[in-house]
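# Commentary on secondary and tertiary structure
This is what each chain is made of:
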Amino acid sequence: MLAPKGLRPTAFFQIFQSIVRSASPMLEAIVSEFKSASRIVISTHTRPDGDAIGSQLALGNYLRAKGKEVMMLDQDPSPYNLEWMPGTDLIELYDGSLRQLEFVAQAEIVVILDTNVQDRLGSVGKLFRGTSAKKILIDHHTDPEHWFDLTWQRDTASSTAELLFEIFEAWDLDGITYDVAAPLYVAMMTDTGSFRFSNVSANLHRMVAQLFEKGGIDPSILHAEVYDKKSIEGIKLLSSVLSTIDLHHEGRIGTVVVTRRMLSDTGASVEETDGFVNQVLSIEGVLVALIFTETERGTKVSFRSKGTNHVHKWAQSFGGGGHRNASGAFILGSLENAFRKALASAPQFVDLPNLETSGDLSDEDAEYLNSLMNSQNN
Ligand SMILES: [Mn+2]
């Protein structure tokens, strides 16, 4: 398809996309299911982030205002910096009680947000998959599972919140009150690194404009609520983690390490490492940043990248997945093992200079890792 003169192809594509969306039978089908339902369950993934909780609350508050009976049911609690959002106190943690089971059994719709696989729902996944309710998926990850009845998903969307906005747009924009706009804004803000990642579009900013106009949000207040609530323990952890920073493959790949020892020494929780990896990515010349988090069973690896240096296939090679520029995987065994394996496979997934393609760690990296592990064992 050729873009008209003077219009950037991406801009043209976005306008084309929005025309397609406004006429989408799938959007209409989802809205009509919501309209006719009276009991709706909304859930999201384990260890929920801003997009997960923000989208859940926005949809929950929107549907409640439309007179629906809503149960928001998750395996894990919200992070502490999101607890102020309107409706957070109504999110229930799954406990298998009769009341919860009965509600799910009688619900006409179960909505799954910000993940597309049963596993990431934790203990509630099996329950939802087994109900007779219509399963609606709203999500922006790659490779969805196939047990959903209706899906509104696009892996190029900046956030689940962006997709949710499209549903509200197809239904009733006047339903976007402050209680819907604030969590929706937080969801968009947190999944786009405060509106700076490559997934940000003119279209997203048009949606944000509507959140200002309809919901009366104040972005400086919302930003401070989410980001200016760090603990001193978390900042001390950041300091320890940044001291492990190292560059590999001629500065194209940057790494940091979070050991269990650092967590116990500083008293910080592992959730407080969220965003650390962006510090590594902010180094000039670094294309991909990796953060290795040691756990009892193995090592969690988070992959973050700039631009077209996609990392989801790299994460998939270790059984993980996610987005093109932000993915994760879990590697069994020691931190050292995970570090070695991930770096050794880098040349298969990232455009690197012709060096170090043997698959082994360079002498320098091996030495670095040794000194790191020794200092941890002291
Ligand atoms: Mn998301």
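What comes next is a walk through the structure. (Residues numbered from 1 in each chain as written. Predicted model: local features only at pLDDT ≥ 70, side-chain atom pairs only at ≥ 80, totals over all residues.)

### Thoughts on unusual backbone geometry
Most peptide bonds adopt trans geometry, and most residues besides glycine take a negative phi value. Within the chain, S194 stands out as a residue other than glycine whose phi angle is a positive 60°. Given 13 C-beta atoms within a 10 Å radius, S194 is considered partly exposed. Positive phi values are uncommon outside glycine, yet E250 reaches one of about 55°. (Buried ≥ 20, exposed ≤ 12 C-beta atoms within 10 Å, placed from the backbone.)

### Some points on the sheet that holds strand β3 (residues 91–93)
Spatial ordering of the open sheet is given by β3-β2-β1-β4-β5-β6, a layout of 6 strands whose pairing is parallel. Strands with a single pairing partner mark the edges of an open sheet, and in this sheet they are β3 and β6 (150–153). Sheet twist, expressed as the average angle between the axes of neighbouring strands with direction ignored, equals 25°. Where strand β2 (residues 69–74) meets β3, 3 bridges bridge the pair, whose relative direction is parallel. Bridge pairing in β3 places M72 opposite I91. Along the sheet face, helix α2 (residues 25–36) touches β4 (109–113), β5 (134–139) and β6 and points at about 120° away from the line of β6. Where helix α3 (residues 50–65) meets the sheet, it contacts β1 (39–44), β2, β3 and β4, and its direction lies at approximately 170° from that of β1. (Pairing = 2+ DSSP bridges. Helix = DSSP H or I, 4+ residues; strand = E, 2+ residues; numbered from the N terminus. Axes fitted to C-alpha atoms, helices over the stretch in contact; angles between N-to-C directions. Contact = placed C-beta atoms within 7 Å.)

### A look at the packing of α3 against helix α7 (residues 178–191)
Following both chains from N to C, one finds α3 and α7 inclined at 160°, their axes separated by 8 Å at the closest point. Our classification of the angle between α3 and α7 gives roughly antiparallel. Pair α3 / α7 crosses with left-handed handedness. Here G50, D51, G54, S55, L57, A58, N61 and Y62 of α3 come into contact with α7, specifically with D179, V180, P183, L184, V186, A187, T190 and D191. Residues belonging to the contact of α3 with α7 are distributed by class as follows: 8 nonpolar, 5 polar and 3 charged. (Parallel < 35°, antiparallel > 145°, perpendicular 65-115°, else oblique. Left-handed = near helix turned anticlockwise from the far one by under 90°. Nonpolar A, V, L, I, M, F, W, Y, C, P; charged D, E, K, R; others polar.)

### Description of the pairing of β4
The element β4 is extensively covered by neighbouring structure, given that 5 of its 5 residues are classed as buried. By the alternation rule, side chains of β4 split into I109, V111 and L113 and V110 and I112, which are all buried. Two elements, β1 and β4, share 5 bridges in a ladder whose sense is parallel. When the bridges of β4 are listed, S43 appears paired with I112.

### Overview of the packing of α7 against helix α8 (residues 202–215)
Interaxial distance between α7 and α8 falls to 9 Å at its minimum, and their mutual angle equals 150°. In terms of their interaxial angle, α7 and α8 are classed as roughly antiparallel. Handedness of the crossing formed by α7 with α8: left-handed. Here Y178, V180, A181, A182, L184, Y185 and M188 of α7 come into contact with α8, specifically with L204, V208, L211, K214 and G215. Split into classes, the residues belonging to the contact of α7 with α8 amount to 10 nonpolar, 1 polar and 1 charged.

### Re the sheet that holds strand β7 (residues 246–248)
Ordered by their spatial adjacency, 6 strands build an open sheet running β7-β8-β9-β10-β12-β11, and the pairing between neighbours is mixed. The open sheet has two edge strands with one neighbour each: β7 and β11 (321–322). Where strand β10 (residues 298–305) lies against strand β12 (residues 326–332), 7 bridges are found, and the strand directions are antiparallel. When the sheet's bridge partners are listed, F303 is paired in β12 with S327.

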